[in-house]
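Listed below, chain by chain, are the residues.
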Amino acid sequence: MLAALLLTVVSFHSLFAGTVVGFLVSAAMVGTVVLPLAARGPKRSIYERTTKGMRIFLRTPRLRGLLALNLTIAAASAMVIVNTVVYVRDRLGGSESDTALVLAAVLAAVLSLVFIPADFEIEAKGTLQPRNRRDIFAPRDGSVVQLLTTEEKTVKANEPLLILRDPQLELEFKRVWGDMQTAQKRLAAVQAKRITAEFGDARSRAESKQWSAEEAEIKEMLKSLNAQYEILQEQQAELTVRSPIAGRVLTWDIEKLLESRPVQTGQILMTVADPSGPWELLLHVPDDDIGHVIDAQQANGGPLKLTFILATSPNITHEESVEQIAMSTELDDEKRPSVLVTAGIKQSQLLRKRPGATVIARIHCGRRSLGYVWLRELIEAVQTHVLF
């Protein structure tokens, strides 16, 4: 590029002559350098000595990647320099000065990519959701015998949503109830024998102590059975699934999803949310981009700004700030590793808020060089797959 600038004031022949003089001066300066004597090593063939550096490059992964990168840059630069001369001189009929000006413009473009700053933003997709929402889980294995709500229905806190049936729990109820009835009958018989023995002769009074011991044993058994029965009653009450909050049922087509269907413990049955309360953005930032967001937040010393649009109204841009960055990486809906980033929403900012609306956001991560902003994916791919 320096040669291109010189061509604006000197001819090609003069520039070539100056280059020759420069090489000769450099050779003379190298010849005047006195190198320290080094210990003579084992004698190696000329092939081994001339190819040692290349073999080291090809054997080392990082150097091998650097060599490939240098060859790529050199090839691209040669194409630009040579074809610039061909196009300007032969096809456009330009002069040497015109060639120099075009090469200078190429230099200016390269320098602008390096030194001109631009806004650096990380794109993330997510959803708009009410902040106060709860997933309703199945408390036990069973099947839905009665669905008491529909999608979009407004429900109150503790309102029943559906009723489950657990056949194993019913069998356990019958077993414990039967054991309780048997124990109570046995207790009544033992108590009658104990009372009769207490009013009998000496031998009968001695037997009354045995009946008393058996009575105490049966009472302990009944106490245990009553405790089991209370636990079973609590488990039976859990089969009536209730809403933990007041709000609206968000799950779509809930009748087809749940009615008369078997469910498993921990399965998400539906989601209830309060649309009248605060709302938030749930953004899934790709795992390989979250480092930029974290670094920018640390450098900024505070929340990062973000802009977003709703897929339902892409012509309106909204502004918010990042509230929280999750500590762990999870798989998003598309099974890609991502980190959850949340941002609050001002009540008056969105006129039409619909739970689950698709959001496209850009998180502002400061300013970087224009070339890095435009070519970031290529640069990171080279760093990951070539230089690593």
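Residues numbered from 1 in each chain as written. Predicted model: local features only at pLDDT ≥ 70, side-chain atom pairs only at ≥ 80, totals over all residues. Heavy atoms only, no water.

## Considering the overall build of the protein chain
For the protein chain, the helix and strand inventory stands at 10 helices and 16 strands. Relative to the globule expectation of 21 Å for 388 residues, the C-alpha radius of gyration of the protein chain, 41 Å, shows a markedly less compact shape. Summarising its shape, the C-alpha atoms of the protein chain cover approximately 140 × 70 × 40 Å along the three principal directions. Look at the contacts in the protein chain between residues 6 or more apart in sequence, and 75% of them connect residues 24 or more apart. Accessible area for the protein chain stands at about 25,600 Å²; split by element, carbon and sulfur atoms hold 59% of it. (Helix = DSSP H or I, 4+ residues; strand = E, 2+ residues; numbered from the N terminus. Rg over C-alpha atoms; globule rule 2.2 N^0.38 Å. Contact = heavy atoms within 4.5 Å. Areas by Shrake-Rupley, 256 points an atom, 1.4 Å probe, with all protein chains shown as cover.)

## Thoughts on the side chain of aspartate 274
By secondary structure assignment, the location of aspartate 274 is in the loop between β9 (268-273) and β10 (279-286). Ignoring anything within four residues of it in the chain, the contact list for aspartate 274 reads Pro130, Asn132, Ile245, Ala246 and Gly247.

## Structural notes on the nonpolar core
Of all hydrophobic cores here, the largest spans 31 residues; its most connected members are Leu162, Leu164, Leu258, Val263, Leu269, Met270 and Val272. Where this core is concerned, the elements lending two or more residues are β3 (142-147), β5 (160-165), α6 (167-198), α7 (202-238), α8 (254-258) and β9. Among the elements that make up this core, the one with the highest residue count is α6 (8 residues). Excluding residues within four positions of it along the chain, valine 272 makes contact with Asn132, Arg133, Arg134, Ile136, Val155, Leu161, Ser243, Ile245, Gly247, Arg248 and Val249. Within the second largest apolar cluster, 27 residues are counted, among which are Val285, Ala343, Ile345 and Ala357. (Core = buried A, V, L, I, M, F, W, Y, C linked by side-chain atoms within 4.5 Å. Buried < 20%, exposed > 50% of the residue type's maximum accessible area, 1.4 Å probe, protein only.)

## Description of the environment of lysine 52
One can find lysine 52 in helix α3 (residues 46-59). The class for lysine 52 is partly exposed, based on a relative accessible area of 45%. Between the C-alpha atom of lysine 52 and that of lysine 223, which follows or precedes it by 171 residues, the distance is 88 Å.

## Observations concerning the packing of aromatic side chains
Scanning the entire structure with this criterion turns up 3 aromatic pairs. Note on phenylalanine 120 and tyrosine 372: the rings are 5.7 Å apart at their centroids and 65 degrees apart in plane angle, and the pair reads as edge-to-face. With phenylalanine 120 in strand β1 (residues 117-130) and tyrosine 372 in helix α10 (residues 370-385), the pair connects residues that are 252 residues apart, well separated along the chain. Take phenylalanine 120: its relative accessible area is 2%, and that puts it in the buried class. Classification of tyrosine 372 as buried rests on a relative accessible area of 16%. Through pairs of rings, three or more aromatic residues link up here, namely Phe173, Trp177 and Tyr229. (Phe/Tyr/Trp six-rings, centres within 6.5 Å; stacked < 30°, edge-to-face > 60°.)

## As for unusual backbone geometry
Trans peptide bonds make up the majority, and among non-glycine residues the majority have a negative phi. Not every positive phi belongs to a glycine, and asparagine 158 is a case in point at roughly 70 degrees. On the secondary structure map, asparagine 158 appears in the loop between β4 (154-155) and β5. The phi angle at serine 260 is positive, at roughly 60 degrees, despite the residue not being glycine. Positionally, serine 260 belongs in the loop between α8 and β8 (262-263).

## What about a nonpolar patch on the surface?
A contiguous nonpolar patch, built from Val80, Ile81, Val82, Val86 and Tyr87 and spanning about 390 Å² of accessible area, is present on the exposed surface. With respect to the helices and strands, valine 86 occurs in helix α4 (residues 61-91). (Patch = residues over 30% accessible without salt bridge, like charges linked within 9 Å, V, L, I, M, F, W, Y side chains within 5 Å. Salt bridge = Lys/Arg side-chain N within 4 Å of Asp/Glu carboxyl O.)

## Side note on the sheet that holds strand β6 (residues 240-242)
Sheet architecture is open: 4 strands sit in the order β6-β5-β3-β8, paired in antiparallel fashion. Looking at strand neighbours, the two that pair on one side only are β6 and β8, the edges of this open sheet. Note: β5 against β6, 3 bridges, orientation antiparallel. In the sheet register, isoleucine 163 faces β6, and the bridge partner there is threonine 240. (Pairing = 2+ DSSP bridges.)

## Here's the deal with α3
With 14 residues, α3 should cover 20 Å at 1.5 Å per step; its first-to-last C-alpha distance of 20 Å lies within 8% of that length. Within α3, the axis deviates most sharply at lysine 52, by approximately 50 degrees. (Expected span 1.5 Å × (residues − 1). Bend = angle between axes of the 7 residues up to and from the residue.)

## Here's the deal with the confidence of the model for the protein chain
Chain-level statistics for the protein chain give a pLDDT mean of 84 and a share of 90% at 70 or above. Predicted confidence in the protein chain is weakest over helix α1 (residues 2-6), with a mean pLDDT of 62, and strongest over β6, with 94. (pLDDT = per-residue confidence, 0-100.)

## Things to note about the pairing of strand β16 (residues 357-369)
Here 11 bridges tie β1 to β16, and the two strands are oriented antiparallel to one another. Paired with proline 117 across the two strands is serine 369, which belongs to β16. With 5 bridges joining them, strand β11 (residues 305-310) and β16 adopt antiparallel strand pairing. In the sheet register, threonine 307 faces β16, and the bridge partner there is arginine 362.

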